[in-house]
Amino acid sequence: MNPGDPDASLRLLADASKALASSFDLSTTLPLVARSIAAHVADGCVIDVIDDDGQHHVMAVTHRDPDAEQRLLASAPAEAAESDWPNDPEVGARTDLPLRARGQQIGTIILLGARGRVGTDSEALAELAARVSLSVDNTRLYKRERRLAQILQTALLPTTLPQTPGRAYHAAYVPASDEAEVGGDWYDAFPLADGSIALSIGDVAGHGLDAAVIMGEVRQTFRVAAMYMRDPSAVLDLANQLLLVRHEPIMVTAIFGIYDGKTFTYGSAGHPPPILCTENGNVDRLPTDGLPLGIEPNGTRRAWTITIPPSSLLVLYTDGLIEFTRDVTEGETLLAQAITDEVKSRSSNPALSIRKRILDGRQSSDDVAILTLSVGDCVVKELDLRYSAVPLAASLVRQSIGRLAQGVDLNPDQTFSLQVAVGEAVSNVIEHAYLQTPGPFTVRINKDKDQLHVRIEDEGRWRPARQDGRGYGLSIIRSLMNNVEVNLSSGGTTLTFTHDPRARRKKAR
Amino acid sequence: MLRDVDGIPVVEIQGEIDLLSVQRLEVELLSAAAKDVGAVIVSLADTVYFDSAVIHRLLTFRRQMSVIRQNFYLVQPRLEAGQRLLLITGLTSKNDRCASLEEALALASQVRFDRQRT
């Protein structure tokens, strides 16, 4: 390189700018800058940065001569600027370029063997120092804000979760990788006055302090609203209204629900669906709808109801958990497998275990929050189920009857008959009771002496029997069960029947 | 669900099937009929739950098979209550009801053999 070579100066500035723009991580960018300096205007380069606490850190050491570089590295003190290191004439005379920001020195670029080579390029070196200073300062500001946002976000997340007999709540929160900004994910679980537990999980679009602050506002809104409202969709609507009056528009996805010890009633605002895994390993995505909060003032939002069976696991999560591979389908498959494995092995903290199974030490570019509800095992001798009339409910009711059958000692034939009879009634509710919005229905089964009394109620109206060859439902129920009665009223339909296993066995002979 | 046993298409319904999963059965049945070997076997031997949506679909399929001059054989469920359900809904007749897959395969193979001869 020729002394005072203007092309070298330009190449140095171009290379250094490119290196500085490549990352927020100074341990990545500054060695690249040092190598550019050593390549274009000096024999070697050392970059020393002073942190917020006044501590010096050698961020880069490089030299064209590998032996000289080794000597430099071997002789580097713990705190570079508190000595005159490097002062070895064999590695080159030093020229110091102070790094300055906001009136303070924040580091030094030490050029080795540069004298007489750069001569008239002092302007280029000053420009280089200015660019590195700006980058170091911006990175420190960014890290400071990120640390503040992390502190705020962590402070806003609950430190303890409710404890109720036979039910366990667990959570896991994973901040985004160091390179990414802090997001606005949260989870929450808190008791209500009647003993129910309110659960929420959500994700504020955007990052940094703003997202953390809004996360706190929305979570607090849910907490206050839940004191006065039992309808989760109304709670979400209230939070939506509050977000819409903000000066700056912001979008939030969330799920808010109330678990009364048996049934989870929830509403969704554009959030990934909760996942329920039952004891047989079935993994079901629960129904959701509704736009995210903060978008539409008059959106229709529904509440969904689902009875959580014994020995099952309900998982709420944020999208960072399924999007970290950049392939949502793959992420959903991994999540389903992790939940199935978790239900089989039953760890002491399902949320942490699921996080570990999926991320496996890898860092997500987005925050991840996981909230789980584990329902313990128990002997079932009667059923009191409540669901929204969605197809998934049919299979969950069937599983619950399987559980009941164990508790009341039905044989496989008796269990099948009961499952078919109840299943036909439930299918009728799902297919015919509600025209548009799936309303609720209940299934209650009690044992009295040797008989099981079944009562299925909805708030809709069954359509007449179909003429297309289907419509066997009621006749199947009548042929399998006793005392079948259908009561149609303006408030809904009630179907009752009894199942007498002994009578059925006699009849079958 | 659909497999080939000695050249005969066999649709085996394992585990549970209801209104949520009946669409998949529809696809399997049509694929089985499209093989056009003269017979299709549907096995409920390992079915632990089925409902009227499934029965309705099988009744329709039996009619469709009759129209295209193919035979339909149904292997009964092992559960007595399941067999009773088939009787209640008229899904089985003496001609197409089989106690086992082997019995159904013997009947279907004979149909295929007769068809090839003519």
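Residues numbered from 1 in each chain as written. Chains lettered and ligands numbered in written order. Predicted model: local features only at pLDDT ≥ 70, side-chain atom pairs only at ≥ 80, totals over all residues.

### Quick look at the overall build of chain A
Then comes step 1: In terms of regular secondary structure, chain A is built from 13 helices and 20 strands.
Then comes step 2: In terms of overall dimensions, chain A has C-alpha extents of about 110 × 50 × 45 Å along its principal axes.
Then comes step 3: Classification of the 509 residues of chain A by burial places 45% in the buried group.
Then comes step 4: Considering only contacts within chain A whose residues lie at least 6 apart along the sequence, 66% involve residues at least 24 apart. (Helix = DSSP H or I, 4+ residues; strand = E, 2+ residues; numbered from the N terminus. Buried ≥ 20, exposed ≤ 12 C-beta atoms within 10 Å, placed from the backbone. Contact = placed C-beta atoms within 7 Å.)

### Examining the overall build of chain B
Then comes step 1: Each helix and strand counted, chain B has four helices and seven strands in total.
Then comes step 2: Taken from N to C terminus, the helices and strands of chain B fall in the order β-β-β-α-β-β-α-β-α-β-α.
Then comes step 3: Taken against the 2.2 N^0.38 rule, which gives 13 Å for 118 residues, the C-alpha radius of gyration of chain B at 13 Å falls within 12% of a compact globule.
Then comes step 4: Taken along its principal axes, the extent of the C-alpha atoms in chain B is 40 × 25 × 25 Å.
Then comes step 5: Taken across its 118 residues, chain B has 43% of its residues classed as buried.
Then comes step 6: For chain B, the share of sequence-separated contacts (at least 6 apart) that also reach a separation of at least 24 residues comes to 74%. (Rg over C-alpha atoms; globule rule 2.2 N^0.38 Å.)

### So, the environment of Pro158 of chain A
Residue and element names in this part refer to chain A.
Then comes step 1: In this fold, Pro158 is placed in the loop between helix H4 (122-156) and strand E5 (163-164).
Then comes step 2: Sequence separation of Pro158 and Ile258 is 100 residues, and the distance between their C-alpha atoms is 17 Å.
Then comes step 3: Excluding its chain neighbours within four sequence positions, the residues that come into contact with Pro158 are Asp188 and Ala189.

### Focus: the pairing of strand E10 (residues 263-269) of chain A
Residues and elements named next belong to chain A.
Then comes step 1: With respect to burial, E10 is a largely interior element, six of its seven residues being buried.
Then comes step 2: Relative to E10, strand E9 (residues 252-259) runs antiparallel, the two sharing six bridges. Paired with Tyr259 across the bridge in E10 is Phe264.
Then comes step 3: Connecting E9 to the next strand, E10, in antiparallel fashion are three residues, including Gly261 with a positive phi near 100°.
Then comes step 4: As judged from the five bridges shared by E10 and strand E13 (residues 303-307), these two strands associate in the antiparallel manner. Residue pairing for E13: Phe264 is matched across the bridge by Ile306. (Pairing = 2+ DSSP bridges.)

### Brief notes about the packing of helix H10 (residues 391-408) of chain A against helix H11 (residues 412-433) of chain A
Residues and elements named next belong to chain A.
Then comes step 1: The geometry of H10 relative to H11 is characterised by a closest axis approach of 9 Å and an angle of 155° between their N-to-C directions. Considering the angle they form, H10 stands roughly antiparallel to H11. Crossing handedness for the pair H10 and H11: right-handed. Counting all contacts with H10, which are made through Pro391, Ala393, Ala394, Val397, Arg398, Ile401, Gly402 and Ala405, the residues of H11 involved are Thr415, Leu418, Gln419, Val422, Gly423, Val426, Ser427 and Ile430.
Then comes step 2: The class makeup of the residues in the contact of H10 with H11 is 10 nonpolar, five polar and one charged. (Axes fitted to C-alpha atoms, helices over the stretch in contact; angles between N-to-C directions. Parallel < 35°, antiparallel > 145°, perpendicular 65-115°, else oblique. Left-handed = near helix turned anticlockwise from the far one by under 90°. Nonpolar A, V, L, I, M, F, W, Y, C, P; charged D, E, K, R; others polar.)

### Describing helix H12 (residues 473-480) of chain A
Then comes step 1: For H12 of chain A, the full list of buried residues reads Gly473, Ile476, Ile477 and Leu480 of chain A. All buried residues of H12 of chain A lie within an arc of 100° about the axis, which places them on one face of the element.
Then comes step 2: As for H12 of chain A, its buried residues are in contact with H11, strand E19 (482-489) and strand E20 (492-499) of chain A together with helix H2 (52-67) and helix H3 (80-89) of chain B. (Arc of directions from axis to C-beta.)

### Observations regarding the sheet that holds E5 of chain A
All names here are of chain A.
Then comes step 1: Spatially, the six strands line up as an open sheet ordered E5-E6-E15-E14-E11-E12, and their pairing is antiparallel. Both edges of this open sheet fall to E5 and strand E12 (283-285), since each of them pairs with a single strand only.
Then comes step 2: In the sheet, strand E11 (residues 275-277) pairs with E12 via three bridges, with the strands oriented antiparallel. Within E12, the residue paired with Leu276 across the bridge is Asp284.

### Re the interface of chain A and chain B
Then comes step 1: Each partner contributes to the interface: chain A provides 20 residues, whereas chain B provides 20 residues.
Then comes step 2: For the side of chain A that touches chain B, the elements supplying multiple residues, two or more each, are H10, H11 and H12 of chain A.
Then comes step 3: Counting residues per element, the side of chain A that touches chain B draws most heavily on H11 of chain A, which supplies nine residues.
Then comes step 4: Here the side of chain A that touches chain B is composed, by residue class, of eight nonpolar, eight polar and four charged.

### Regarding the pairing of strand E3 (residues 94-101) of chain A
Residue and element names in this part refer to chain A.
Then comes step 1: As paired elements, E3 and strand E4 (residues 104-112) share eight bridges and run antiparallel to each other. By the bridge assignment, Arg94 is partnered in E4 with Leu112.
Then comes step 2: The hairpin turn running from E3 into E4, its antiparallel successor, is two residues long, and Arg102 in that turn takes a positive phi close to 55°.

### Quick notes on the sheet that holds strand E1 (residues 2-5) of chain B
All names here are of chain B.
Then comes step 1: Pairing is mixed in the open sheet, where five strands are placed in the order E1-E2-E4-E6-E7. With partners counted over all chains shown, the strands left at the sheet margins are E1 and strand E7 (97-98), one partner each.
Then comes step 2: Relative to strand E2 (residues 8-12), E1 runs antiparallel, the two sharing four bridges. Residue pairing in the sheet places Asp4 in a bridge with Pro9 of E2.
Then comes step 3: Packed on one face of the sheet, H2 meets strand E4 (39-43) and strand E6 (71-75) and runs near 150° to E6.

### A few points about the packing of helix H5 (residues 208-228) of chain A against helix H6 (residues 232-244) of chain A
Residue and element names in this part refer to chain A.
Then comes step 1: Where H5 contacts H6, the axes come no closer than 9 Å and their chain directions differ by 135°. Considered as vectors, H5 and H6 are oriented oblique to each other. Seen from above, H5 lies across H6 with right-handed handedness. Packed against H5, whose contacting residues are Val218, Thr221, Phe222, Ala225 and Ala226, the element H6 presents Val235, Leu238, Ala239 and Leu242 at the interface.

### Quick look at the nonpolar core
Then comes step 1: Ranked by internal contacts, the top residues of the largest apolar core, which has 135 residues, are Ile370, Leu371, Val422 and Val426 of chain A together with Ile41 of chain B.
Then comes step 2: Ranked by residues supplied to this core, first place goes to H11 of chain A with 10 residues.
Then comes step 3: Mapping this core onto the domain boundaries places at least three of its residues in each of domain 2 (157-375) and domain 3 (383-508) of chain A.
Then comes step 4: Apart from residues lying up to four places away in sequence, Val426 of chain A is in contact with Ala393, Ala394, Val397, Val443 and Ile456 of chain A.
Then comes step 5: Formed by 35 residues, the second largest nonpolar core is a distinct cluster that contains Ile50, Val61, Ala68 and Ala114 of chain A. (Core = buried A, V, L, I, M, F, W, Y, C linked by C-beta atoms within 7 Å. Domains from an automatic or database assignment.)

### With respect to H6 of chain A
Residue and element names in this part refer to chain A.
Then comes step 1: The end-to-end C-alpha separation of H6 is 18 Å, in line with the 18 Å expected for 13 residues at 1.5 Å each.
Then comes step 2: For H6, the set of buried residues is Pro232, Ser233, Val235, Leu236, Asp237, Ala239, Asn240 and Leu243.
Then comes step 3: For H6, the secondary structure elements touched by its buried residues are H5, E9, E10 and E13. (Expected span 1.5 Å × (residues − 1).)

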